[in-house]
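Overview (structure and organization)
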Amino acid sequence: MNEKMQIALKKLEELQKQNLAGGNQAMIDRHVAKGKMLPRDRISALVDPGTFVEIGSAARATSERIDGKKLPVEESPCDGAITGYGRVNDRPVAIYASDFSVLAGSLGQQHIVKMVKIIEYAGQYRMPVVWLLDSAGGRLGWEDVAIAGVEWFFWPEGLFSGVVPQITVLMGPCIAGQAYAPCMTDFLFMTRKTAHLWLGGPRMTQAATSEKMDDDVGSGDYHERHSGTCDKVGENDAETISFARQLMDYLPLSFADTTIPRTTQDPRDRKTPELMTIVPDDFDLTYDVRQVIECLADDAQYFEIREQYARQICTAFAHIDGQPVGIVACNPAFPGSIVTRDACDKYYRFLQVLDAYNIPLITLVDTPPTLPDEQEESLGVLRHVAKMTHLYAGCTIPKIAVILRQACGDAGGIILGANKGMGVDMNVAWPIAEFSITASRFNPCTIQELGVDSAEWARVSEASRESVDAFEAAHTPTTQLVDEIIHPENTRSRLADSLWLLKNKSEELPTKAKKHGAPPT
């Protein structure tokens, strides 16, 4: 080996040592004291052992501080951005991990370029991208590009949205402009104690408006329960990262990937008689629909997202006969399975992802109509229902519906695809199912308490409720309501048969006649 090579290899060895050591030791100690994992440990927790391949490890901060001070090169390993690719369950994944020990993981020129490049690699090479995010945001006080370049990564995010799955695991602060980025990805997981997502943040908001924000605002629980921005909250970094690994088992590598069906030992024709115990035939009694999902899914395994938000609607991924599916189910365990503005938003976002990545939709229907109260009207429930209807009608993925008990009005018949006229590919009903325009039962005592005129109530109660049972609905195909009535114990096998039938479904929208639709916002 000649002297030139020896010098170069020594330089490379020193650079690699700096990368492995991370940034400021005091910042590393502070990071660990909060119970956080270091960025390279986070990557190891995400990928299969020994599969991570780093890209851009020689990058360092290149700008100067506004006050003229320079940062020593060895203090900015990777410019705070560790990027590369690895494998999750032997399938490729692109990775970006911010390093809070390097200038608080802030966004500088090289950091931003690495971030953008890895998203482009993911999109071009057709593999999911996972962000392991823990950053202070823009690198303020440095002679960097305008607003620290945070606008640069919005373009590739939007460009490759619907091309490859994008997942954010947020384990630290995320504020202002950078906070838009996790919201633009397909999925967002947050740690309970250390992750915060704000537009302004407590200190900035108090400085600007004197308003003191509650400590819970911006936390993972807050965004899962109130804003619906977060899909799942983990107790610590390890659990939150594990959500990304679990989720990827249900997702394709890209919109064009058709290789995700897996083998299962769970028989496709397994009977499900326990469903008749789980779901009461008395419509006034409630149950938790997640027990139904567990019964139908392969090996009783499913992955629910946004569990704490709009809980009357359950959104979950599962496998049925090895085929990944997205399940949207009314949950009578929470107020009446009534579809509200928030529930429509939850459903809408989930269905967008399913349609983008060609994942079949299964709806489990048991809902009365939407709630026509003043609050929901003022919040624009009509616009949100229209938005949901617009999306469902235009989806080209396989759409399957099972009517368990009630399919009433807009909520069951239209939004959840219980009626054939909405373009559902296959829908089946249990023998106890009922279809109606309005709720099948009213409590006269409640009506009287609301001050409804007794004569008017008598007239309404004697009028036809436009309600039919499953047998009337299926009596002739011209009713356009259901394809078949099935025994509850055959629900899983019927779903498996329908998925097999629809696996080669081909449906194209009139894209040549228009650029895209204009759904209600």
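In what follows, the structure referred to is the one given above.
Quantities reported herein were computed from a predicted structural model and do not represent experimental measurements.

1. Regarding a nonpolar patch on the surface
Where nonpolar side chains cluster on the molecular surface, the patch consists of Met1, Met5, Leu9 and Leu12 and spans about 410 Å² of accessible area. Along the chain, the position of methionine 5 falls in helix α1 (residues 3-21). According to the relative accessible area criterion, methionine 5 is partly exposed, its value standing at 43%.

2. Some words on unusual backbone geometry
The phi dihedral of cysteine 78 falls on the positive side, at around 60°, and the residue is not glycine. When you line up the elements, cysteine 78 lands in the loop between β1 (53-55) and β2 (81-88). Since its relative accessible area comes to 1%, cysteine 78 is described here as buried. Of note, aspartate 90 is a non-glycine position whose phi angle comes to about 65°, a positive value. Its location among the elements puts aspartate 90 in the loop between β2 and β3 (91-98).

3. Looking at the sheet that holds strand β4 (residues 129-133)
Reading across the sheet, the seven strands line up as β1-β2-β3-β4-β5-β7-β9 and stay open at both edges, with mixed pairing between neighbours. Across the chains shown, the open sheet's two edge strands, defined by having one partner strand only, are β1 and β9 (232-234). Recorded for the sheet is a direction-independent mean angle of 25° between the axes of neighbouring strands. Sheet strands touched by helix α3 (residues 39-46): β1, β2, β3 and β4. Its angle to β3, the strand with the most contacts, is close to 160°.

4. With respect to the pairing of strand β15 (residues 426-429)
Burial of β15 is two-sided: the residues Met426 and Val428 facing one way and the residues Asn427 and Ala429 facing the other way are all buried. Bridge count between strand β14 (residues 399-408) and β15: four bridges; the pairing is parallel. Each bridged residue has a counterpart across the sheet, and for valine 402 the counterpart in β15 is valine 428. Direction of pairing for β15 relative to strand β18 (residues 484-485): parallel, over a ladder of two bridges. Of the residues in β18, the one forming a bridge with valine 428 is glutamate 484.

5. Some details on the environment of aspartate 48
Tracing the backbone through its elements, the reader meets aspartate 48 in the loop between α3 and β1. Assessed through its relative accessible area of 14%, aspartate 48 is described here as buried.

6. Observations concerning the side chain of glutamine 166
Locating glutamine 166 in the fold gives a position in strand β5 (residues 166-170). Within polar-contact distance, the side chain of glutamine 166 engages the backbone oxygen of glutamate 157 at 3.2 Å. For glutamine 166, the contacting residues outside a window of four places in its chain are Val129, Glu157, Phe160, Ser161, Thr185, Asp186, Phe187 and Tyr357.

7. Section: helix α12 (residues 341-356)
For α12, with 16 residues, the first-to-last C-alpha span of 23 Å sits near the 22 Å given by 1.5 Å per residue. Among all positions in α12, only Ala343, Cys344, Lys346, Tyr347, Tyr348, Phe350, Leu351, Val353 and Leu354 are buried.

Rules of the game
- Residues numbered from 1 in each chain as written.
- Predicted model: local features only at pLDDT ≥ 70, side-chain atom pairs only at ≥ 80, totals over all residues.
- Heavy atoms only, no water.
- Patch = residues over 30% accessible without salt bridge, like charges linked within 9 Å, V, L, I, M, F, W, Y side chains within 5 Å.
- Areas by Shrake-Rupley, 256 points an atom, 1.4 Å probe, with all protein chains shown as cover.
- Salt bridge = Lys/Arg side-chain N within 4 Å of Asp/Glu carboxyl O.
- Helix = DSSP H or I, 4+ residues; strand = E, 2+ residues; numbered from the N terminus.
- Buried < 20%, exposed > 50% of the residue type's maximum accessible area, 1.4 Å probe, protein only.
- Pairing = 2+ DSSP bridges.
- Axes fitted to C-alpha atoms, helices over the stretch in contact; angles between N-to-C directions.
- Contact = heavy atoms within 4.5 Å.
- Polar contact = N/O pair within 3.5 Å; in protein donor to acceptor, adjacent residues only side chain to side chain.
- Expected span 1.5 Å × (residues − 1).

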